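# Fold and geometry: a report
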Number of protein chains: 4
Amino acid sequence: MPVNEAQKREIEQLRGQATETRRAVVPALEEMLYKPLPVLDQGFVRVIDYMGDDGAVVQAARVSYGRGTRQVSEDRGLLRYLMRHRHTTPFEMCEIKFHVKLPVFVARQWIRHRTASVNEYSARYSILNREFYMPAPDQLSTQSQDNRQGRGGVLQGEEAARVLDILREDAARNYADYQEMLNEDDEGNVIDPKRQGLARELARMNLPLSIYTEWYWKCDLHNLLHFLSLRADPHAQYEIRVYADAMLEALRAWVPLTAEAFEDYRMGGVHLSRAGLEAVKRMLAGEQVSAKDCGIAPREWRELMDSLGQ
Amino acid sequence: MPVNEAQKREIEQLRGQATETRRAVVPALEEMLYKPLPVLDQGFVRVIDYMGDDGAVVQAARVSYGRGTRQVSEDRGLLRYLMRHRHTTPFEMCEIKFHVKLPVFVARQWIRHRTASVNEYSARYSILNREFYMPAPDQLSTQSQDNRQGRGGVLQGEEAARVLDILREDAARNYADYQEMLNEDDEGNVIDPKRQGLARELARMNLPLSIYTEWYWKCDLHNLLHFLSLRADPHAQYEIRVYADAMLEALRAWVPLTAEAFEDYRMGGVHLSRAGLEAVKRMLAGEQVSAKDCGIAPREWRELMDSLGQ
Amino acid sequence: MPVNEAQKREIEQLRGQATETRRAVVPALEEMLYKPLPVLDQGFVRVIDYMGDDGAVVQAARVSYGRGTRQVSEDRGLLRYLMRHRHTTPFEMCEIKFHVKLPVFVARQWIRHRTASVNEYSARYSILNREFYMPAPDQLSTQSQDNRQGRGGVLQGEEAARVLDILREDAARNYADYQEMLNEDDEGNVIDPKRQGLARELARMNLPLSIYTEWYWKCDLHNLLHFLSLRADPHAQYEIRVYADAMLEALRAWVPLTAEAFEDYRMGGVHLSRAGLEAVKRMLAGEQVSAKDCGIAPREWRELMDSLGQ
Amino acid sequence: MPVNEAQKREIEQLRGQATETRRAVVPALEEMLYKPLPVLDQGFVRVIDYMGDDGAVVQAARVSYGRGTRQVSEDRGLLRYLMRHRHTTPFEMCEIKFHVKLPVFVARQWIRHRTASVNEYSARYSILNREFYMPAPDQLSTQSQDNRQGRGGVLQGEEAARVLDILREDAARNYADYQEMLNEDDEGNVIDPKRQGLARELARMNLPLSIYTEWYWKCDLHNLLHFLSLRADPHAQYEIRVYADAMLEALRAWVPLTAEAFEDYRMGGVHLSRAGLEAVKRMLAGEQVSAKDCGIAPREWRELMDSLGQ
């Protein structure tokens, strides 16, 4: 369960308040504010705060005095121009902050993005909750045969059941042992007054990487787009991709023109190398070309032909 | 003149609008929003947008669900604790964006702070205005005799007048020559139809470093504090310090508890070295100590005694 | 065992080679190069490469043409001046690269330092080794009673033995289950040909945070000093502090003058707040002062008196 | 003149020294070390230090123990794979440091790259030399008519001569006035003992943006490639592009396999948007398509057709 009853009430209370501001406001994102977007079995992404809108990007690009209040059609054209030509600095002028609940092994991938600010729940200071990620049956994938870093088909029957049993039992046992070492039960009571309990910063090392943690994560729009281009990509691990998908939804509500340009120019496109461009030119000229003709290695050639739908 | 009539009207219009938001709002900063705070003879700093407040820092430190709504006294204690122990990451959770008009030689110092986002007026693309910094008479300082990087007394009489004449005349001549090379007058009209005009990206190289430029500059609260600790410091050059002072004013309106802790622990304090601490301990024990006793070099000893008011 | 036989031979081979270079060379660090400095029970830190020396910092501070070849005494004075006045940019001119083997829960703290470059062993791509951190008996600490983020005394007798049993058994079981889910044994052979094996990127989630990983970690001297000031500090968790201590040893070999200045001005000193400085001045004037007189909160007063040895 | 006689001797002395090292050494770059590569009329780029080679990138990608000593053909394939798929972190494992002499208006563009370390000659502390950039006659370009940020043809005859006269005369006058305000002549002697002289940090504001400055600039290989992809691009201003070209030469000597992959995949290629890719697919299928058919704006369509050689 992503959030408990007390948290739900707190969120509702926050959503019930409204104050006047002179700043740029995005109604579609206000509508989402504070609400958890569920991800995986017990995780979520919540937008906690934001600064700026499509107009703030335009304004920075024009270094003008106002909010960039020309016609929408002109703003759209400028945003698309910036995206196409990788003029990235104006996109740094918007900022967004998320609250995220996610398994530790996902957090380990995520944190590799260094151009963001993070405050994570501290297991030195506090005790982690008994919450572990258990994959849905359709995500119990085999190791890919042709890609060392990827998934193949889905496990079936007994093997699938056995995997889930292992994950569930090991998590339960390790958590029970975590509590025993801490000498503290679910209610925070001492289990055995004759024992002293291991320090939290040590006991945590017994927890598996499937345990959930949470953090505040804040970055600017440019770096968010970079994150999404890598993590909403089909090559990203499913368990982080679903977080990126939820954030993409927030992106579309927040900066619709930027999101459209991003999906057209960055997500949906393809990069041709010098040799790949040469190959395309020859093909457009009606030539029959092969990998060898073009000096392109077989694997790369296959990637190129795939992307061109050949 | 920091802003012209058209800009004034635009700012008034922006300030006249208000919209509802569910985000944290800081009334004292809203009161300042968009208004130019005048700096130097023709410069300014304007707060254009912000995200978060003192509560957002507290919330990140607690990784809690709400806005950090405990009693103010507890929040104040936590913020002071964070500042004292240099737990800096929660301060990254707030963001602010300024619009700044400043001389190029000040911009060159400012840009050395790399953890900010910047969009500057482009002199490749546009023509710079005829606006140059002219120091006020009480800022026409001599070179310091005892500090190679600082100012001494103030120039007087004829020498001061001569300096101002030089600065004014050279700026005027260089700007007139800039226009002649561009072949474009104040109204944007071609001066001589038989000439073609030099590219803007080249003509600008004739302009002196006293010319004003402007930019949007955005950074998080932690990095703003770092900037202010260096640039609102007495060792900073006067011409950048006055910008830092204006930003400090915005800081106090925005995050009053953080600003107070910052001024108590970072601006107003002093760092004692291992040997300096040893010296203080011996002095507290009633010992008469000298630089030599303590193994401290003369210059450093002088700095230490100054800071201790000895 | 930090490194195996094959690795030892490879390291010896690398250490046996020498080539001529025109770059600055530091013999004391060359002596250490590639050698594992053992840390914890199975971890290590190895210096893999470096760029620059004390002279490179001096050179950058002087923006001179040569290598900064004045007398050592002058260089020392300049380095101490830079350190004392937090002129940090010249220290960015040196770079060092480490190869580190460390438990995952330590890696999670370490990676919060964002101004470094990292390449970690990938558990999406490869299978992790059966190597887990087991604390030495004198490190099995209890939770601190007066500091929620710290350790108290050491567990004794039966409780200590029980903790080690738990850590050992859970690690062994989780690893065996990891292999079973992967359907792959220690030699990389398929365990059961009728099963397909779970993808590596999923199976890893069953591993506890005590498992060892390894990475290349590279940063500049300024950022290394910042890392060390936080992680070689008594408040840092023991398990990361021992890595910082090993890196401090490399620092002293690499840039002895910088290391000395760092230990004098950053590690060994203390920061006095505005009010703390005021209190010291009054004490030096022979006044009897209390926390209340000075407007300092009790906890902070205690810290101040402790640091002054009062 | 890029370097004077004393500097030449110092460089020769440095180049005459060689020491043994266990680190990776790149003979082709050692050959270049310290030598100024002349750029513009009085500027230069010199490689001062470096860390790592192509093998260090490979090693990081493999997180192996040795230097990445497989066959060159395998290393080349891996490097090309990393470049093609934008796996950028292994390229951060190499570092290079340049000494650069460049006009201030170029330095202002350059410094926008924030992921580098910089130490610049300080005009607060020292007096700048009388060295100004004067464009070669074939670089005296007009403003482009179809691109607001670019150059058109070359100025001829009288207009060209007039521009050079202005640049030369204004630079000479502003420098003479700089000296007069400082009250210091070329030999550092006081001009008029009755005057006190303006502080250096103020007098510098009279200098034009064409004056030369110098700095040490250090960054990792990944960020260098990013810099080069933007600044060695035909859209970059000529005066910074020539610096990028000189650095590209150093790149080819330093990491030849990386440089080759960079030029094939990043410099020589083209990015197709979602709609652009769709258009190419339809063209390859033999369809006649127009901008309108494909939902592509006219300007973007022209760019696309240009890049495809249509």
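Predicted model, so just to flag it, every value in this text is computed and none were measured.

## Brief notes about the overall build of chain A
- Looking only at helices and strands, chain A has 13 helices and nine strands in total.
- Viewed in the frame of its principal axes, chain A has a C-alpha envelope of about 85 × 60 × 30 Å.
- Scored against the burial criterion, the 310 residues of chain A give a buried share of 45%.
- A fraction of 66% describes how many contacts in chain A between residues 6 or more apart in sequence connect residues 24 or more apart.

## Remarks on the relation of the copies chain C and chain D
- When chain C is fitted to chain D, the best match, at an RMSD of 0.0 Å, comes from turning it 180° and sliding it 0.0 Å along the axis. The transformation relating the two chain copies, once decomposed into turn and shift, fits a two-fold axis. In terms of proximity to the rotation axis, the leading residue of chain C is Glu-20 of chain C, whose C-alpha is 2.2 Å off the axis.
- Looking at the interface residues of chain C, 100% of them are also at the interface in chain D, so both copies use one shared face.

## A word on the domain arrangement of chain A
- Entries for chain A in the domain assignment read domain 1 (1–133 + 211–269), domain 2 (134–209) and domain 3 (274–307).
- One C-alpha centre belongs to domain 2 of chain A, the other to domain 3 of chain A, and the line joining them spans 48 Å.

## A few points about the nonpolar core
- Ranked by internal contacts, the top residues of the largest apolar core, which has 316 residues, are Tyr-243 of chain A, Tyr-243 of chain B, Tyr-243 of chain C together with Tyr-243 of chain D.
- When sequence neighbours within four positions are dropped, the list of residues in contact with Tyr-243 of chain D reads Val-39, Val-45, Val-100, Leu-102 and Val-106 of chain D.

## So, the relation of the copies chain B and chain A
- Note on the copies: chain B fits chain A at an RMSD of 0.0 Å, the axial shift is 0.0 Å, and the rotation between them is 180°.
- When the interface residues of chain B are mapped onto chain A, 100% of them are again interface residues, pointing to one common binding face.

## Considering the interface of chain B and chain A
- Listed by partner, the interface residues are 42 residues for chain B and 42 residues for chain A.
- Listing elements by their share of the side of chain B that touches chain A, those giving two or more residues are α1 (5–16), β1 (19–21), β3 (43–51), α3 (54–62), β4 (95–103), β5 (117–120) and β8 (212–220) of chain B.
- Classifying every residue of the side of chain B that touches chain A gives 18 nonpolar, nine polar and 15 charged.
- In the sheet, strand β1 (residues 19–21) of chain A pairs with β1 of chain B via three bridges, with the strands oriented antiparallel. Within β1 of chain B, the residue paired with Thr-21 of chain A across the bridge is Thr-19 of chain B.

## With respect to the interface of chain C and chain D
- Taken together, the contact pairs 42 residues of chain C with 42 residues of chain D.
- Secondary structure elements with two or more residues in the side of chain C that touches chain D: α1 (5–16), β1 (19–21), β3 (43–51), α3 (54–62), β4 (95–103), β5 (117–120) and β8 (212–220) of chain C.
- The greatest single-element share of the side of chain C that touches chain D, amounting to five residues, is contributed by β8 of chain C.

## Details of helix α11 (residues 274–284) of chain D
- Along α11 of chain D, the residues classified as buried are Ala-275, Gly-276, Ala-279 and Val-280 of chain D. Along α11 of chain D, the residues classed as buried sweep out an arc of 140° about the axis, all on the same side.
- Its buried side turned inward, α11 of chain D meets α10 (256–267) and α11 (274–284) of chain A together with β9 (270–272), α12 (291–294) and α13 (298–307) of chain D.
- Backbone geometry just downstream of α11 of chain D places Gly-286 of chain D in the positive-phi region, at approximately 90°.

## Some thoughts on unusual backbone geometry
Residues and elements named next belong to chain B.
- Of note, the phi angle at Arg-86 is positive, near 50°, even though the residue is not glycine.
- Relative to the helices and strands, Arg-86 is located in the loop between α4 (72–84) and β4.
- The phi dihedral of Asn-183 is positive, around 60°, even though this residue is not glycine.
- With respect to the element layout, Asn-183 can be found in the loop between α6 (157–182) and α7 (200–203).

## Describing the sheet that holds strand β4 (residues 95–103) of chain A
Residue and element names in this part refer to chain A.
- Pairing is antiparallel in the open sheet, where five strands are placed in the order β2-β3-β4-β8-β5. In the strand order of this sheet, the two ends are held by β2 (37–39) and β5 (117–120), each with one partner. Neighbour-to-neighbour, the strand axes of the sheet open up by a mean angle of 25°, direction not taken into account.

## Overview of the pairing of β3 of chain B
- Burial analysis of β3 of chain B places nine of its nine residues in the buried class, which makes it a mostly covered element.
- Remark: three residues form the turn of the hairpin made by strand β2 (residues 37–39) of chain B and β3 of chain B, two consecutive strands paired antiparallel; Leu-40 of chain B in that turn has positive phi of roughly 55°.

## Focus on the environment of Ser-126 of chain A
- Within the secondary structure, Ser-126 of chain A is located in the loop between β5 and β6 (141–143).
- Owing to 14 C-beta atoms within 10 Å, Ser-126 of chain A belongs among the partly exposed residues under this scheme.

## Focus: the packing of helix α6 (residues 157–182) of chain A against helix α6 (residues 157–182) of chain C
- At a closest axis distance of 11 Å, the pairing of α6 of chain A and α6 of chain C adopts a crossing angle of 170°. Taken together, the axes of α6 of chain A and α6 of chain C lie roughly antiparallel to each other. Facing α6 of chain A, whose interface residues are Val-163, Ile-166, Asp-170, Arg-173, Asn-174, Asp-177, Glu-180 and Met-181 of chain A, α6 of chain C presents Val-163, Ile-166, Asp-170, Arg-173, Asn-174, Asp-177, Glu-180 and Met-181 of chain C.
- Counted by class, the contact of α6 of chain A with α6 of chain C contains six nonpolar, two polar and eight charged residues.

## Structural notes on the environment of Thr-142 of chain A
- Within the secondary structure layout, Thr-142 of chain A lies in strand β6.
- Measuring from C-alpha to C-alpha, the distance between Thr-142 of chain A and Gly-153 of chain A comes to 5.6 Å, with 11 residues separating the pair along the chain.
- Ignoring anything within four residues of it in the chain, the contact list for Thr-142 of chain A reads Arg-151, Gly-152, Gly-153 and Leu-155 of chain A together with Gln-196, Gly-197, Leu-198 and Ala-199 of chain C.

## Details of the packing of helix α8 (residues 221–231) of chain A against α10 of chain A
Residue and element names in this part refer to chain A.
- Between α8 and α10, whose axes approach to 11 Å, the crossing angle comes to 45°. Judged on the interaxial angle alone, α10 and α8 are oblique. Handedness of the crossing formed by α8 with α10: right-handed. Together, Leu-221, Leu-225 and Ser-229 of α8 and Thr-258, Phe-262, Arg-266 and Met-267 of α10 make up the contact between the two elements.

## A word on α3 of chain B
All names here are of chain B.
- Of all nine residues that make up α3, eight are buried, and the element is covered over most of its length.
- For α3, every residue scored as buried is listed here: Asp-54, Gly-55, Ala-56, Val-57, Val-58, Gln-59, Ala-60 and Ala-61.
- The first or second residue beyond α3 is Val-63, which carries a positive phi of 40°.

## Observations regarding the confidence of the model for chain A
- Mean pLDDT over chain A stands at 93; residues scoring 70 or higher make up 96%.
- Our summary of model confidence lists the complex with pTM equal to 0.96 and ipTM equal to 0.94.

## Examining the environment of Val-58 of chain C
Residue and element names in this part refer to chain C.
- With respect to the secondary-structure elements, Val-58 resides in helix α3.
- Given 24 C-beta atoms within a 10 Å radius, Val-58 is considered buried.
- Separated by 21 residues in the primary sequence, Val-58 and Leu-79 have C-alpha atoms spaced 6.8 Å apart.

Parameters and conventions
Residues numbered from 1 in each chain as written. Chains lettered and ligands numbered in written order. Predicted model: local features only at pLDDT ≥ 70, side-chain atom pairs only at ≥ 80, totals over all residues. Helix = DSSP H or I, 4+ residues; strand = E, 2+ residues; numbered from the N terminus. Buried ≥ 20, exposed ≤ 12 C-beta atoms within 10 Å, placed from the backbone. Contact = placed C-beta atoms within 7 Å. Least-squares fit on C-alpha atoms with pLDDT ≥ 70 in both. Domains from an automatic or database assignment. Core = buried A, V, L, I, M, F, W, Y, C linked by C-beta atoms within 7 Å. Nonpolar A, V, L, I, M, F, W, Y, C, P; charged D, E, K, R; others polar. Pairing = 2+ DSSP bridges. Arc of directions from axis to C-beta. Axes fitted to C-alpha atoms, helices over the stretch in contact; angles between N-to-C directions. Parallel < 35°, antiparallel > 145°, perpendicular 65-115°, else oblique. Left-handed = near helix turned anticlockwise from the far one by under 90°. pLDDT = per-residue confidence, 0-100.

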